[in-house]
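# Geometric and topological summary
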Amino acid sequence: MKDAVGWHVDMEFQEDSKHTRAAALVRLPDGSELRSRGYASRHPSDGNQPRVGEEIAAARALNDLKEQLLTKAHDEIDGASGRTSYPISR
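These notes cover the structure that comes with them. (Residues numbered from 1 in each chain as written. Predicted model: local features only at pLDDT ≥ 70, side-chain atom pairs only at ≥ 80, totals over all residues. Heavy atoms only, no water.)

## Section: the overall build of the protein
- For the protein, the helix and strand inventory stands at 1 helix and 3 strands.
- N-terminal to C-terminal, the α/β element order of the protein is β-β-β-α.
- Taking 90 residues into account, the globule formula puts the C-alpha radius of gyration at 12 Å, and the protein, at 17 Å, lies well above it.
- Dimensions along the principal axes, computed over C-alpha positions, put the protein at roughly 55 × 30 × 20 Å.
- Here the protein, with 90 residues, has 22% of them falling under the buried criterion.
- Looking at the protein alone, contacts between residues at least 24 apart form 35% of all its contacts between residues at least 6 apart.
- One way to put it: in the protein the 13 positive side-chain charges average out to a point 3 Å from where the 15 negative ones average out. (Helix = DSSP H or I, 4+ residues; strand = E, 2+ residues; numbered from the N terminus. Rg over C-alpha atoms; globule rule 2.2 N^0.38 Å. Buried < 20%, exposed > 50% of the residue type's maximum accessible area, 1.4 Å probe, protein only. Contact = heavy atoms within 4.5 Å. Lys, Arg positive; Asp, Glu negative; His and termini not counted. Charge placed at Lys NZ, Arg CZ, Asp CG, Glu CD.)

Set out below in structure tokens:
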């Protein structure tokens, strides 16, 4: 049986009545850390729903983490193979 592997993403928020900022951090088993940020702003006609702002800001931060992970994986494939590989689908 293979060992179970898990990653934890830490997400923190800063909010005011109109803006939400998210900061994400993931620590990888190779010792590297990836960090990203996401942002959301409330339209004046929208009701005050902080959870929605957190979800949008978090999704944007996680999307940036996704891009960083794909780039890291692609670079590692190229480094191990000694050639330029096809880009990993986004």
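Read on for the rest.
## So, the nonpolar core
- The biggest cluster of nonpolar side chains holds 9 residues, and these are Ala 22, Ala 24, Val 26, Leu 28, Leu 34, Ala 40, Ala 57, Ala 61 and Leu 65.
- Mapped by element, the contributors of at least two residues to this core are strand S2 (19–27), strand S3 (33–41) and helix H1 (50–81).
- When sequence neighbours within four positions are dropped, the list of residues in contact with Ala 24 reads Val 9, Asp 10, Met 11, Leu 34, Arg 35, Ser 36, Ala 61 and Leu 65. (Core = buried A, V, L, I, M, F, W, Y, C linked by side-chain atoms within 4.5 Å.)

## Quick word on H1
- An ideal rise of 1.5 Å per residue puts 46 Å on 32 residues; H1 measures up with 46 Å between its terminal C-alpha atoms.
- Residues Gly 53, Ala 57, Ala 58, Ala 61, Leu 65, Leu 70, Lys 72, His 74 and Asp 78 constitute the buried set of H1.
- At the C-terminal side of H1, Gly 82 shows a positive phi close to 75°. (Expected span 1.5 Å × (residues − 1).)

## Re the sheet that holds S2
- Within the open sheet, the 3 strands sit side by side as S1-S2-S3. Their pairing is antiparallel. Strands at the two margins of the open sheet, each flanked by one partner only, are strand S1 (9–15) and S3. Averaged over all neighbouring strand pairs, the angle between strand axes comes to 15°, with direction disregarded.
- Sheet topology places S2 next to S3; 9 bridges connect them, and they run antiparallel. Pairing of Val 26 across the sheet is with Leu 34, part of S3.
- Each of S1, S2 and S3 touches H1; the most contacted strand, S3, lies at about 145° to it. (Pairing = 2+ DSSP bridges. Axes fitted to C-alpha atoms, helices over the stretch in contact; angles between N-to-C directions.)

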